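The residues making up each chain are set out below.
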Amino acid sequence: MAASEAAVSALVERLSQISLNNATEALEELKIALVALHPSALRRIIPNLSIGNVFQCLNTQDRSQQRLCGEVLNHLLSTISASAVLENFSAQLIAWIKLPDDSLKALCLSELSRISKEAPQELSQYEDLVLAVVEQLSSDALDVGPAAASIIANIGQDPNSLMVIFKEPMIKQFSEAMKKNAVTRFRVYQIAIDLSRQNPEALTACAHAGLLRQLVNEAGRDDDVLVQLNAIELLSDLATSAHGLQFLDEQGIVEKLEIMMADVAQNPMGSLVLPGKWYIDNWLIKFFGGLAKNHPKEVLSKFEHFVRLVLSNVGDGDPNLRGVSIDTVGLIASTPEGKAALDKLGEIINTFFFSKSFPNSKLRDKLKIMKILIFLLHTEHQTSELLALTERWFVTCTPEAFSCVWSLAQQPFPDTRLPALHLLETLASLPWGQKIINSTPGFREYALDRTTEHSKESKEGKFEMVRALAESPTSAEILGQPYMVHLREYVNQGLFYVSAQSEVAMEGD
């Protein structure tokens, strides 16, 4: 046995031979020895160590010694399998986590977090230990309450462990934690949502425990905007799963949220009258936007108020909601089904998106339209139907739209130049966009001219546009093979290539 290994063994054994009041010095020496010992060496000697001797050092009123002991235990236990820790030290872990010092609880929860990831089903079999973790949910300490919630969620990831979490003692402790304040209440809600999103069985368990019904009630409150906002946000997360959306629809929750959105439409001064109303609108848009991404046809045809609110904010509506509304359109347009659903809105989409001629619009409107177009035109699956649709949307901006975008890409202002370069990149990936590029005088030369860009960001934007042209399977036919050679050379030379300048040395210089 190496000297360092022998030192660790001797120090652990020494802890059984000294009084608790004199253990601090030995623990400090043990901590130093453990840090110096290679993990593989520690794993080799760990079966021969009496770790119970170290646990005994927690039985003191000396907080500094307890913390030191906890650090040593974390180091030792991390080299032992999760199953072995549970089998040999479950009682000690319960005693450890129930110590009053939050820093000690955090150390114990750190080890339990590892175990909950490696062996969730085995951990669930130690119900007293799981209950001890649930009891920490009401802690105000940032490294205790959230850590306990994470462990419970990890255990619930295992289908066989799920029922343990919802046994009567656990539910009772959930209720106790929720009584403390809104923070701990929503900590429990977050666990319920994390579990419910996994599968229908987990959702059913959370519903039977009454947690989802309580959360739904929170979303309907109008006396506390912050609580209402947080509840809607969590329900938005649940709605991203098909079974979660079905549950919300069956419970009438989606309809209630649609009514809330209708109230906004009927009361345009609501954001001024009701404190925090803007935040609620913001999350309602995100909620329905999440639904529309997965079910665009159904949402856009069924929820008229959502469509009107989003499109009006994209147009000349509430500027505070313009950003989230544009992002929501982008979310919907990210799939072929979403693009088709937007197209079925008919004239309404032109009215709100392209109601003004792009070249004649104010700069603010140009930037807005460019961002929308990047979302609408980006197409990974280039079917003939989608290409025809995206071309029609772009042409709607007037025939001079491309020249206007190119002009904006040459502006010296980054806020204008970069969005325009990103839109040119999107156009460069589309066959009909390549045809416009090919027929625009001077653009072919501009694309290959590295001297047009000076900042890192604009160089990157220009490079991505050229790469889109070089890598498109339709570029060679449209732009010609000789030009493709130059495009590929540009890409192969890299982002920051600078051509060498030859100089002739003259006599006398």
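Each chain has its residues counted from 1, running along the sequence as written. This being a predicted model, a pLDDT of at least 70 is required before a residue's local features are given, and a value of 80 or more before pairs of side-chain atoms are given or counted; all residues contribute to the totals for chains, interfaces and linings. Based on all heavy atoms of the structure, the side-chain values leave hydrogens and waters out of the count.

## Let's talk about the nonpolar core
Filter applied, for reference: Among the buried residues, those of types Ala, Val, Leu, Ile, Met, Phe, Trp, Tyr and Cys that are joined through side-chain atoms within 4.5 Å form a nonpolar core. To sort residues, take the accessible area from a 1.4 Å probe on protein chains only and compare it with the maximum for the residue type: under 20% means buried, over 50% means exposed, and anything in between is partly exposed. Contacts are assigned to residue pairs with any non-hydrogen atoms lying within 4.5 Å of each other.
Grouped together as the largest cluster of nonpolar side chains are 169 residues, with contacts concentrated most on V54, W96, L112 and F306. Among residues more than four places away in sequence, those in contact with L112 are L93, I97, L123, L129, V133 and I151.

## Some details on helix α6 (residues 82–97)
What counts here: Starting at the N terminus, helices and strands are each numbered in turn, a helix being any DSSP run of H or I of at least four residues and a strand any DSSP run of E of at least two. Each helix should span, by expectation, one fewer than its residue count multiplied by 1.5 Å. The angle between axes fitted to the seven-residue stretch ending at a residue and the seven-residue stretch beginning at it gives the bend at that residue.
An ideal rise of 1.5 Å per residue puts 22 Å on 16 residues; α6 reaches only 17 Å between its terminal C-alpha atoms. Maximal helix bending in α6 amounts to about 80°, located at F89. Residues of α6 that are buried include every one of A82, V85, L86, F89, S90, L93, I94, W96 and I97, and no others. On its buried face, α6 sits against α4 (51–55), α5 (63–77), α7 (102–118), α8 (120–124) and α9 (127–134).

## Re the confidence of the model for the protein
Regions with low pLDDT carry predicted coordinates that are not meant to be interpreted in detail. The criterion, for reference: Along the chain, pLDDT gives the predictor's confidence residue by residue, from 0 to 100.
For the protein, mean pLDDT is 85; residues scoring 70 or higher make up 90% of the total. This stretch, residues 268–276, has a pLDDT under 50; its non-local contacts, to residues over four places away or in other chains, come to five contacts.

## Here's the deal with the packing of helix α29 (residues 414–428) against helix α32 (residues 456–471)
Stated formally: Comment: axis = line fitted to C-alpha atoms, over the contacting stretch for helices; angle = value between 0 and 180 degrees taken between N-to-C directions. Should an angle fall under 35 degrees it is taken as roughly parallel, and over 145 as roughly antiparallel, whereas 65 to 115 is taken as roughly perpendicular and any remaining angle as oblique. For this classification, the nonpolar set comprises Ala, Val, Leu, Ile, Met, Phe, Trp, Tyr, Cys and Pro, the charged set comprises Asp, Glu, Lys and Arg, and every other residue, Gly included, is treated as polar.
Between α29 and α32, the shortest axis-to-axis distance is 8 Å and the interhelical angle comes to 10°. The angle between α29 and α32 falls in the class roughly parallel. Across from R417, L418, L421, L424, E425 and A428 in α29, the residues of α32 making contact are E457, S458, G461, K462, E464, M465, A468 and L469. Of the residues belonging to the contact of α29 with α32, the class tally is seven nonpolar, two polar and five charged.

## Examining the pattern of salt bridges
Counted only if it meets this: Salt-bridge detection follows one rule: a side-chain nitrogen of Lys or Arg within 4 Å of a carboxyl oxygen of Asp or Glu.
Under the criterion given, the structure shown has 15 salt bridges. Linking R392 and D343 is a salt bridge whose minimum nitrogen-to-oxygen distance equals 3.1 Å. With R392 in helix α27 (residues 384–395) and D343 in helix α24 (residues 336–343), the pair connects residues that are 49 residues apart, well separated along the chain. Beyond isolated ion pairs, a larger network of salt bridges with shared partners links R63, R67 and D101.

## Quick look at the state of the cysteines
Selection rule: Any two cysteine sulfur atoms within 2.5 Å of one another count as a disulfide.
Here the structure, examined in full by the defined rule, presents zero disulfides. With no disulfide of its own, C69 lies closest to C57 among cysteine sulfurs, the gap being 5.0 Å.

## Thoughts on the packing of aromatic side chains
As a reminder, the rule being used: Between the rings of Phe, Tyr and Trp (Trp by its six-membered ring), a pair exists once the centres lie within 6.5 Å; its type follows the angle of the planes, with under 30 degrees stacked, over 60 edge-to-face, and the other angles tilted. We call a charge positioned over a ring when the NZ of a Lys or the CZ of an Arg lies within 6 Å of the ring centre and within 35 degrees of the ring normal.
Using the criterion set out here, one finds 13 aromatic pairs in the structure. The interplanar angle of 55° and the centroid separation of 5.5 Å between the aromatic rings of W406 and Y446 together place this pair among those described as tilted. Here Y446 lies in helix α31 (residues 443–448) and W406 lies in helix α28 (residues 401–408), a separation of 40 residues in the sequence. Of the two residues, W406 and Y446, both sit in the buried class. Members of the aromatic cluster, joined through ring pairs, are F287, F288, F303 and F306. Sitting over the ring of Y483, R444 keeps its end group 4.0 Å from the ring centre. The ring centre of Y446 lies 4.2 Å from the NZ or CZ of K462, which sits over that ring.

## Considering the environment of F443
By the element assignment, F443 lies in helix α31. When its relative accessible area of 0% is taken as the criterion, F443 is described as buried. Put simply, F443 and S403 are 40 residues apart on the chain and 9.5 Å apart in space, counted from C-alpha to C-alpha. Apart from residues no more than four positions distant in its own chain, F443 is found in contact with F402, W406, L424, I437 and M465.

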